[in-house]
Amino acid sequence: MFLSIIVYSLTAFILYYLGRNIALGDTLYRNLYGQTKPFWSIEQMAIILTFVFISGARYCVGSDYLSYLLNYLSVQVNGWSIRSTFEPGFTFVTELMAKNNVHFSFFFSLWAFIQIFFVYYSLKDCKFLYPYIGTVLLLSPFFGTLMNGIRQATVACVFLYLTQFIKERKLFPYITGILICSLFHKSSMILIPLYFIFYRDYNLNRFVCITILVICTIVGNFYNFSIFSDLFSKIFNVLEYDSYSENIGSILEESRNLTFGPTRFLTLSVNIALIYLYPKIRIYFSDDKMLNLYFILFFIGACWSSLFVNSYLMIRLSLYFEIFTLVITVYTLYFLSKLENRNTFYIFSFLVYSYIYLSLLKVYISGAKFSVLYYKFFFLEDLNNLIL
C-alpha cells in the first residue's frame with residue numbers, strides 16, 4: 001500500500017510540475033509570438049517518458065493485463081498466441097515485438113506511449129490545462145483502466161483526438177482514424193455514427209442532466225440487466241468481446257452487485273459537480289469550440305457507467321466516453337483555480353484526488369493481500385510461474 005501511495009503521489013507531482021512549466025512557457029510564447037508554443041519540448045518528452053516508465057514497469061493491473069501478458073509470453077516462448085481472435089493490428093505488433101525477444105515491459109510501454117501522447121496532443125492548444133492532466137490521470141480511476149483494457153483504452157485516447165474532425169465536419173480523416181482503430185479493437189466501429197449525431201452543439205439543462213444521472217445511478221445499483229443475457233451475447237460477439245461473450249452465463253450469474261460505497265459516492269459527487277459547474281465553465285471558455293462536445297460525451301459516459309455498473313459486460317463500452325470525464329475535470333479544475341474565492345477549488349480538488357487514496361484505504365482495511373490497485377514493479381515480482 002505504501003509503495004502505491006509513493007508511486008502515485010510522486011508521479012502525479014512530477015507530471016504536475018512539468019505540465020506547469022509547459023503552461024507558463026506557453027503563456028510567455030503566446031505573449032511574444034501570438035500563437036501557442038510547439039507541442040514538443042524537453043518537459044513534454046519528460047512527461048511522456050515518466051508516464052511510459054511507470055506504466056510499463058507496472059505489474060498485474062487487472063485480469064485483462066494478465067491475459068495480454070500471458071499471450072505475449074506464449075508468442076515469445078512458444079511461437080503461438082493463446083488467443084486467435086485478436087485484431088490484426090494488435091496481433092502484428094504483438095508478434096513483431098515478442099518474436100524479436102523484446103521484453104514485455106516495452107510492449108506495455110508502447111501502448112502507454114500512444115495513450116499519453118494522444119491525451120496531451122489532443123489538448124495541445126490548451127496547454128494551460130497541462131498541470132492538471134497528469135494529476136487527474138494518476139489519482140483518479142483512469143490510470144488502472146488505461147493499462148488493463150489496453151486495446152480499448154488506447155482507442156479511447158485516439159478517439160479523443162479524432163473528435164476534432166466531428167466539429168470540423170471532416171468525414172474522411174474521422175472515418176479513416178476509426179478504421180485504423182478497428183485494427184486494434186473492433187468495437188471502435190460503434191464510434192462512426194457519432195460523427196452524424198454530435199456535429200452541432202446541444203444545450204443541456206444541468207438540473208435535467210443531474211436528475212438523469214441520479215436515476216441511472218439508482219437503477220444501476222439495484223438492477224444488473226441479466227435478463228438481456230442473450231442480447232448481450234450477440235452484441236459482444238459482434239464487437240469482438242469474445243472472451244466475455246463466451247462466458248456470458250457465468251459472468252451474469254456472478255453479477256457484481258456493487259454496493260453504493262464511499263468510492264461510488266465520490267464518483268457521483270464529482271460527476272454532479274462537473275454537470276452543475278459546466279454552464280459557468282462554458283461561458284468562461286466561450287471561444288473553445290470543442291468543449292460542448294467533450295461535455296456531451298462525458299455525460300453519456302457518466303450515465304452509461306452508472307446505469308450498467310453491475311453489468312461487467314456493458315460497462316466496458318463506457319470506456320470510450322469516460323476519457324472525457326478526465327477532460328471535463330481538467331477544464332473544471334483550471335476554471336476553479338482562477339476564481340477569487342478558491343474554497344470551491346480546494347473542495348473539488350479533494351474530491352477528485354482522494355479517489356485513489358480512499359480506494360487503497362478500503363483495500364488495506366479489508367485485509368486483502370491482492371488488489372489491482374496496488375502498484376507493483378514487475379522486477380520485484382516472481383514471474384517464473386508465468387513462463388509458458
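Every value quoted in this text rests on a predicted model; they were computed, and no experiment measured them. (Residues numbered from 1 in each chain as written. Predicted model: local features only at pLDDT ≥ 70, side-chain atom pairs only at ≥ 80, totals over all residues. Heavy atoms only, no water.)

1. Brief notes about the layout of surface pockets
Space left empty within the atom packing is revealed by a probe, the size of a water molecule, rolled over the atoms.
Part 1 of the reasoning: For the second largest pocket, the calculated volume is near 310 Å³.
Part 2 of the reasoning: Looking at the second largest pocket, it is lined by 16 residues, and the ones nearest its centre are Ser122, Asp125, Gln164, Met290 and Tyr294.
Part 3 of the reasoning: When residues of the lining of the second largest pocket are traced back to their parent elements, those giving at least two are helix H5 (104–122) and helix H8 (150–167).
Part 4 of the reasoning: Looking at the lining of the second largest pocket, the element that brings in the most residues is H8, giving four residues.
Part 5 of the reasoning: Looking at the lining of the second largest pocket, its residues break down into eight nonpolar, two polar and six charged. (1 Å grid on protein atoms, 1.4 Å probe; cavity = no way out; pocket = protein on both sides within 12 Å on 5 of 7 lines; lining within 4 Å. Points joined across faces, edges and corners; volume = space filled by probe spheres on them. Helix = DSSP H or I, 4+ residues; strand = E, 2+ residues; numbered from the N terminus. Nonpolar A, V, L, I, M, F, W, Y, C, P; charged D, E, K, R; others polar.)

2. Comments concerning a nonpolar patch on the surface
Part 1 of the reasoning: Taken together, Ile6, Leu10, Phe13, Tyr16 and Tyr17 make up a surface patch of nonpolar side chains, about 520 Å² in accessible area.
Part 2 of the reasoning: Structurally, the position occupied by Leu10 is in helix H1 (residues 2–33).
Part 3 of the reasoning: Judged by its relative accessible area of 48%, Leu10 is partly exposed. (Patch = residues over 30% accessible without salt bridge, like charges linked within 9 Å, V, L, I, M, F, W, Y side chains within 5 Å. Areas by Shrake-Rupley, 256 points an atom, 1.4 Å probe, with all protein chains shown as cover. Salt bridge = Lys/Arg side-chain N within 4 Å of Asp/Glu carboxyl O. Buried < 20%, exposed > 50% of the residue type's maximum accessible area, 1.4 Å probe, protein only.)

3. Things to note about the nonpolar core
Part 1 of the reasoning: Within the largest apolar cluster, 119 residues are counted, with the highest numbers of intra-cluster contacts made by Phe108, Leu138, Tyr174, Tyr294, Phe298 and Tyr331.
Part 2 of the reasoning: Considering every element that reaches this core, the biggest residue donor is helix H17 (residues 319–337), with 14 residues.
Part 3 of the reasoning: In contact with Phe108, other than residues within four places in its own chain, are Gly56, Tyr65, Tyr68, Leu69, Met147 and Ile150. (Core = buried A, V, L, I, M, F, W, Y, C linked by side-chain atoms within 4.5 Å. Contact = heavy atoms within 4.5 Å.)

4. So, the packing of helix H6 (residues 130–139) against helix H18 (residues 343–366)
Part 1 of the reasoning: Viewed as axis vectors pointing N to C, H6 and H18 meet at an angle of 45°, and their least axial separation amounts to 7 Å. Overall, the two elements H6 and H18 adopt an arrangement that is oblique. The segment H6 lies against H18, with Tyr132, Thr135, Val136 and Leu139 engaging Phe345, Val352, Tyr353, Tyr355, Ile356 and Tyr357. (Axes fitted to C-alpha atoms, helices over the stretch in contact; angles between N-to-C directions. Parallel < 35°, antiparallel > 145°, perpendicular 65-115°, else oblique.)

5. So, empty space enclosed by the protein
Part 1 of the reasoning: All chains considered together, the criterion is met by two cavities of 30 Å³ or more.
Part 2 of the reasoning: Every residue along the wall of the largest cavity is listed here: Phe142, Thr145, Leu146, Ala153, Ala156, Cys157, Leu319, Glu322 and Ile323.
Part 3 of the reasoning: Where the lining of the largest cavity is concerned, the elements lending two or more residues are helix H7 (142–146), H8 and H17.
Part 4 of the reasoning: Here the lining of the largest cavity is built from residues that sort into seven nonpolar, one polar and one charged.
Part 5 of the reasoning: Considering only enclosed or pocket space, the second largest cavity measures out at about 40 Å³ in volume.
Part 6 of the reasoning: The wall of the second largest cavity is formed by Ile22, Lys37, Pro38, Phe39, Ser41, Glu43 and Lys127.
Part 7 of the reasoning: For the lining of the second largest cavity, the per-class residue count stands at three nonpolar, one polar and three charged.

The values reported here are purely geometric and, on their own, carry no functional implication.
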